[in-house]
Amino acid sequence: MAYSFSEIEAKWQSYWLQNEVYKTGESTDKPKFYVLDMFPYPSGAGLHIGHPEGYTATDIISRFKRMKGFNVLHPMGFDAFGLPTERYSMTTGIHPIDATKANVDNFKRQLNLLGFSYDWSREINTTEPNYYKWTQWMFLMIYNSWYDDHAAKSRPISELQIPENLKSQKEIDDYIDSKRLAFIDMIPVNWCEALGTVLANEEVDEWKGKGYTVEKKPMRQWMLRITTYAERLLNDLDLVEWPNSTRDMQMNWIGRSEGAEIEFKAETNDTITVFTTRPDTVFGATYLVLAPEHSLVSKVTTDEQKSKIQEYIDVSVLKSDIERQDLTKKKTGVFTGGYAINPASGERIEIWIADYVLAQYGTGAIMAVPGHDERDHEFAVQMKLPIKMVVKPKDSDDWDIMTSAFTEKNGFSVNSENSEVKLSGLPTTEAISTIITWLESKNIGKGKIQYKLRDWLFSRQRYWGEPIPIMFFEDGSKRALENDELPLILPDVEHFKPAGTGESPLANVEKWVNFIDKKTGKKAKFETNTMPQWAGSCWYYLRYIDPHNDDIFCDSDKERYWMSPSGVDLYVGGAEHAVLHLLYARFWHKVLYDYGYVSTPEPFKKLFHQGLILGEDGEKMSKSRGNVVNPDDIVKEYGADSLRLYEMFLGPLEAVKPWQTNNITGVFNFLNRAWRMIATDEGTLSPKVLNAGLSPEQDYVLNYTIKKVADDIENLSFNTAIAQMMIFVNEFTKVEVKPLDAMKKFVLCLSPFAPHIAEELWQILGHSQSVVFEEFPVYDDAKIVRNEIEFVVQVGGKIRARIQVNVDLPQDQLEALALGDAAVQKHIDGKEIRKIIFVKNKLINFIV
RNA sequence: GCUCGGAUGGCGGAACCGGUAGACGCACAGGACUUAAAAUCCUGUGGGCAUUAGCCCGUGAGGGUUCAAGUCCCUCUCCGAGUACCA
């Protein structure tokens, strides 16, 4: 008969709730531990089997740390703004607020069903005005900031020095706006007609995959100047304990490269600035290429080339990023008819446009060095442009530059000199610094560090997001709301369809959009764009610390207690957020840090990604495949404790692993065996549990289990911790008498993993207080030292005997014992022993 | 293409700093209990040859270092994730 998990789980869940067992203490005299889950988007589908994986891991840690005497902060909330809800509302007419509430209720029901120890009094929801008030407040903090390069930090915009030559208010305002960390720009964005909204690059594939069409269209957008933080975002990765892969991804995303900007004079007298990482190859620059969107294209284009150029631009704009970046296709481009002068060689070179040059990176223009860049080489061959060799390989002279580009950075410059500077003969690194010095002395270029990271497109043409708290006046000026005017509440609307003009549904809410500003008395119009879903998740970990504070987003004393010395102690979530969420949150955190609102430069000290759980067929779970496992069903059949245990027993937390419902019987049986070891079918203490001493073997297993479970929890190796507890149960199932003390310690070890059954067993063992408040057992070092071990004897590296010996036996005695073994003698067989390898307490190896 | 992971029995997975490969679980087989079954408990279970207590092979493939390699080095194959003309 299986133990009655349904009754037990319901009983303890309501006990925990009624007694507020998981309320986080406010006292600061205990050491703290902040363990955070990535909060979910409450979708209509409810929890899937992947959610409880990370959540169980953090729950085990939380429970363990509490038992180890820490004050644990383990909160949960909901990242509830988002497009799926808005689309649901569009089709059903159900208000996003109502849809969100229903989904959140369902999520909470499911989370509680699994026995997670969240402190629900700290629950947050990004869509509630008293939360997004502070999201808006932070947006305004960013808006009212400029980045001081000298101080290398953000400062209030009021401290910005206004150049004296600026006279009119408009000029001054424009100057200030050009420095703000939040600003408006016209930029080409991914416009989806059907959704009536702009999509982020990372969303394009997702929606295209669902059959939507996405095109490029320049629109007025809010941007955040995250690029000012590129260097710090890169360097501070050294401060965190993150998976290497995630750090690498962020480093690649930020994409720092060193090089130089070089100015080329066009014959029209326009200056075309290019960025290159190989300024040493400037003598080999045989043509220039501008991106089709480059502002100088029309100026350098000659009359007879005009129509061809225009045609090319028109085609480029219609192409999606994906199409433009399709590497398999041939490169395309058109000659503008214009020429420029290579500032190093003095040669007259052609100016082309081509869409293999990206407008958004560097200066949107390149000097093409076909001899030493594969892309330029391909283009030059195709367009029959000149190819010049200016770097030769270290050890050979016979590189055929017409066949392929030589791109290694370990060569020597050749054919690179003019009357003022000579690179020929220099190794590449020296050539680079030499040419930069020359360019700088001539004032036609300079060393430059370039980043791939772009500014953050921060506005969405959607209803279901935080309103941007900025108003515009008829004269074109604008005003940000002040703190006493926050939150700017999202108005109620009846229809969630976009305005169709590219504006959000808010544009249709006449009364809300157009109003008389009370502070200035002027006619004003609210911004109709809302913030992206990333906004609310940029700082939620801080709100948990002080969720009900109306004066500030988080009290600074509380912040210091929970975040010092290096941020959230453990952050667990999916690797899909490795770049964007984590980069955006780090950015906001650093702005807050610059103003002293937070005490650490980085928000998340240790990060961990749980691996995906696949369906039984080894494929990603999806409705269409029909391989989705619903946690509710598993709980019904085996109980929450078994589900928790099984998800942890499946394999290493970080690994991608297939679900096998069959295998859950393993952990289910284990819990039943544990139950029978301590309790009767009727739920009373088993008569076999007695005050009794432990045999040395039992003592060993008990103490080793305590040690192993504690160590493994710290390392997030839950699968091996569970295996060890199984060994414990196997050991004590064998014997007739179950020593009471061992049973108690075992239940304490089990409790972080399977809290419901542990509570029940703990009560059966005679306790009236919840197991949550108990201390984690301590093991006895002396008991986990074996006094007899199995010792391996090898001859010529092959195992020939295993002998039982006392621990720490010295080499000479073991040699004698080993040589006395018949099997060993047989293999030595009178041969000469040339060498003896001895590893204490492990093995001895006779080389013959 | 580039970057980062990974590959261990029929299956999920263990294995510290190079030192007994396959812990633990599933599945399977046998036994005990039972009129019988289920449940439970016990035993066995990488492959091959012997079938006694013996030997050989074995951690994706091939090479190397070492007394000793799943673990370190080189080359390759396959799988997964990220990224994509970033000059």
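I will try to describe carefully the structure that is included in this document. (Residues numbered from 1 in each chain as written. Chains lettered and ligands numbered in written order. Predicted model: local features only at pLDDT ≥ 70, side-chain atom pairs only at ≥ 80, totals over all residues. Heavy atoms only, no water.)

1. Observations concerning the overall build of chain A
Step number 1: Helix and strand counts for chain A stand at 28 helices and 33 strands.
Step number 2: Considering only C-alpha atoms, chain A reaches an extent of 100 × 85 × 50 Å along its principal axes.
Step number 3: Across the 848 residues of chain A, 53% fall into the buried class.
Step number 4: Within chain A, contacts between residues separated by at least 24 positions form 71% of all contacts whose residues are at least 6 apart in sequence.
Step number 5: In the structure as shown, chain A presents an accessible area of about 37,900 Å², 50% of it carried by carbon and sulfur atoms.
Step number 6: Across chain A, the mean location of the 96 positive side-chain charges is 1 Å away from that of the 121 negative side-chain charges. (Helix = DSSP H or I, 4+ residues; strand = E, 2+ residues; numbered from the N terminus. Buried < 20%, exposed > 50% of the residue type's maximum accessible area, 1.4 Å probe, protein only. Contact = heavy atoms within 4.5 Å. Areas by Shrake-Rupley, 256 points an atom, 1.4 Å probe, with all protein chains shown as cover. Lys, Arg positive; Asp, Glu negative; His and termini not counted. Charge placed at Lys NZ, Arg CZ, Asp CG, Glu CD.)

2. What to know about the packing of helix 24 (residues 718–733) against helix 25 (residues 740–750)
Step number 1: Where helix 24 meets helix 25, the axes come as close as 11 Å, and the angle between the chain directions of the two elements is 155°. Here helix 25 runs roughly antiparallel to helix 24, going by the angle between their axes. Where helix 24 crosses over helix 25, the handedness of that crossing is left-handed. Facing Met-725, Phe-728, Val-729 and Phe-732 of helix 24, the residues of helix 25 in contact are Ala-742, Met-743, Phe-746, Cys-749 and Leu-750.
Step number 2: Here the contact of helix 24 with helix 25 is composed, by residue class, of nine nonpolar, no polar and no charged. (Axes fitted to C-alpha atoms, helices over the stretch in contact; angles between N-to-C directions. Parallel < 35°, antiparallel > 145°, perpendicular 65-115°, else oblique. Left-handed = near helix turned anticlockwise from the far one by under 90°. Nonpolar A, V, L, I, M, F, W, Y, C, P; charged D, E, K, R; others polar.)

3. Thoughts on the sheet that holds strand 19 (residues 456–457)
Step number 1: Strand order across the open sheet formed by four strands is 8-7-9-19, with antiparallel pairing between neighbours. Of all the strands in the sheet, the pair left with one neighbour each is strand 8 (197–199) and strand 19.
Step number 2: Across ten bridges, the pairing between strand 7 (residues 182–192) and strand 9 (residues 215–224) is antiparallel. For Met-186, the partnering residue across the bridge sits in strand 9 and is Arg-220. (Pairing = 2+ DSSP bridges.)

4. What about the sheet that holds strand 33 (residues 843–847)?
Step number 1: What the four strands build is an open sheet, ordered 31-30-33-32; its pairing is mixed. The strands lining the two open edges of the sheet, one partner per strand, are strand 31 (798–806) and strand 32 (835–839). The sheet shows a mean angle of 15° between the axes of neighbouring strands, direction not considered.
Step number 2: By the bridge criterion, four bridges tie strand 30 (residues 788–795) to strand 33 in an arrangement that is parallel. Its bridge partner lying in strand 33, Val-792 is registered against Leu-843.

5. Some details on helix 23 (residues 696–714)
Step number 1: For helix 23, spanning 19 residues, the distance from its first C-alpha to its last is 27 Å, which sits close to the expected 27 Å at 1.5 Å a residue.
Step number 2: By the burial criterion, the buried members of helix 23 are Gln-698, Asp-699, Tyr-700, Val-701, Leu-702, Asn-703, Thr-705, Ile-706, Val-709, Ala-710, Asp-712 and Ile-713.
Step number 3: Elements in contact with the buried residues of helix 23: helix 2 (51–67), helix 24, strand 29 (738–739) and helix 25.
Step number 4: Looking one or two residues past helix 23, Leu-716 carries a phi angle of roughly 60°, positive in sign. (Expected span 1.5 Å × (residues − 1).)

6. Comments concerning the environment of Met-219
Step number 1: Take Met-219: it is sitting in strand 9.
Step number 2: In this structure Met-219 comes out as buried when scored by relative accessible area, which is 10%.
Step number 3: Measuring from C-alpha to C-alpha, the distance between Met-219 and Val-198 comes to 9.1 Å, with 21 residues separating the pair along the chain.
Step number 4: Excluding residues within four positions of it along the chain, Met-219 makes contact with Asp-185, Met-186, Ile-187, Val-189, Trp-191, Val-198 and Gly-502.

7. Structural notes on the pairing of strand 33
Step number 1: Note: strand 32 against strand 33, five bridges, orientation antiparallel. Along strand 33, the bridge assignment pairs Phe-838 with Ile-844.
Step number 2: Connecting strand 32 to the next strand, strand 33, in antiparallel fashion are three residues, including Asn-841 with a positive phi near 60°.

8. Remarks on the side chain of Ser-145
Step number 1: Structurally, Ser-145 is set in strand 5 (residues 145–148).
Step number 2: At 2.5 Å, the side chain of Ser-145 and the backbone oxygen of Met-141 are in polar contact.
Step number 3: Once residues lying within four places of it in the same chain are set aside, the contact partners of Ser-145 are Ser-154, Arg-155, Ile-157, Lys-179, Arg-180, Leu-181 and Tyr-595. (Polar contact = N/O pair within 3.5 Å; in protein donor to acceptor, adjacent residues only side chain to side chain.)

9. Concerning the pattern of salt bridges
Step number 1: Applying the stated criterion to the full structure yields 52 salt bridges.
Step number 2: Where Lys-306 meets Asp-303, a salt bridge forms, and the shortest distance between an N and an O atom there is 4.0 Å.
Step number 3: Accessibility expressed as a relative area gives 39% for Lys-306, which makes it partly exposed.
Step number 4: Of the residues examined, Asp-303 reaches a relative accessible area of 63% and is grouped as exposed. (Salt bridge = Lys/Arg side-chain N within 4 Å of Asp/Glu carboxyl O.)

10. Some points on the pairing of strand 10 (residues 256–266)
Step number 1: In terms of strand pairing, strand 10 meets strand 18 (residues 445–451) through seven bridges, oriented antiparallel. Bridging from a neighbouring strand, Ala-260 pairs with Gly-447 of strand 18.
Step number 2: The pairing of strand 10 with strand 11 (residues 271–276) spans six bridges and is classified as antiparallel. What sits directly across from Lys-265, in strand 11, is Thr-271.
Step number 3: A loop of four residues connects strand 10 with strand 11, the two strands running antiparallel in sequence, and Asn-269 in this loop sits at a positive phi of about 80°.
Step number 4: Bridge count for strand 10 against strand 13 (residues 333–341) is two bridges, and the pairing is antiparallel. Note that in strand 13 the partner of Lys-265 across the bridge is Ile-341.

11. Re the packing of aromatic side chains
Step number 1: Counted by the stated rule, this structure contains 56 aromatic pairs.
Step number 2: When the centroid spacing of 5.8 Å and the interplanar angle of 65° are considered together, the rings of Trp-534 and Tyr-584 count as edge-to-face. One end of the pair, Trp-534, is in helix 16 (residues 534–537); the other, Tyr-584, is in helix 19 (residues 580–594), and 50 residues separate them in sequence.
Step number 3: Ring plane angle 80° and centroid distance 6.3 Å describe the contact between Tyr-540 and Tyr-541, whose orientation is recorded as edge-to-face. Assigned by exposure class, Tyr-540 and Tyr-541 land together as buried.
Step number 4: Linked through ring pairs, Phe-139, Tyr-143, Tyr-147, Trp-222, Tyr-229, Trp-456, Phe-458, Trp-534, Tyr-584, Phe-587 and Trp-588 together constitute an aromatic cluster.
Step number 5: In this structure, Lys-331 is placed above the aromatic ring of Tyr-356, and the distance from its NZ or CZ to the ring centre is 5.4 Å. (Phe/Tyr/Trp six-rings, centres within 6.5 Å; stacked < 30°, edge-to-face > 60°. Lys NZ or Arg CZ within 6 Å of the ring centre and 35° of its normal.)

12. So, the protein's contact with RNA strand B
Step number 1: Taken together, 57 residues are adjacent to RNA strand B, and Ser-257, Thr-277, Lys-331, Arg-375 and Arg-802 come closest.
Step number 2: Sugar and phosphate atoms constitute 65% of the interface atoms of RNA strand B, taking the interface as everything within 4 Å of the protein.
Step number 3: Separating a phosphate oxygen of RNA strand B from a side-chain N or O atom of Ser-257 is a distance of 2.5 Å.
Step number 4: Between RNA strand B and Arg-676 there is a distance of 3.4 Å, counted from a sugar or linking oxygen to a side-chain nitrogen or oxygen.
Step number 5: The element that contributes the greatest number of residues to the surface near RNA strand B is helix 24, accounting for six residues.
Step number 6: Within the surface near RNA strand B, the residues separate by chemical class into 24 nonpolar, 16 polar and 17 charged. (Near = heavy atom within 4 Å.)

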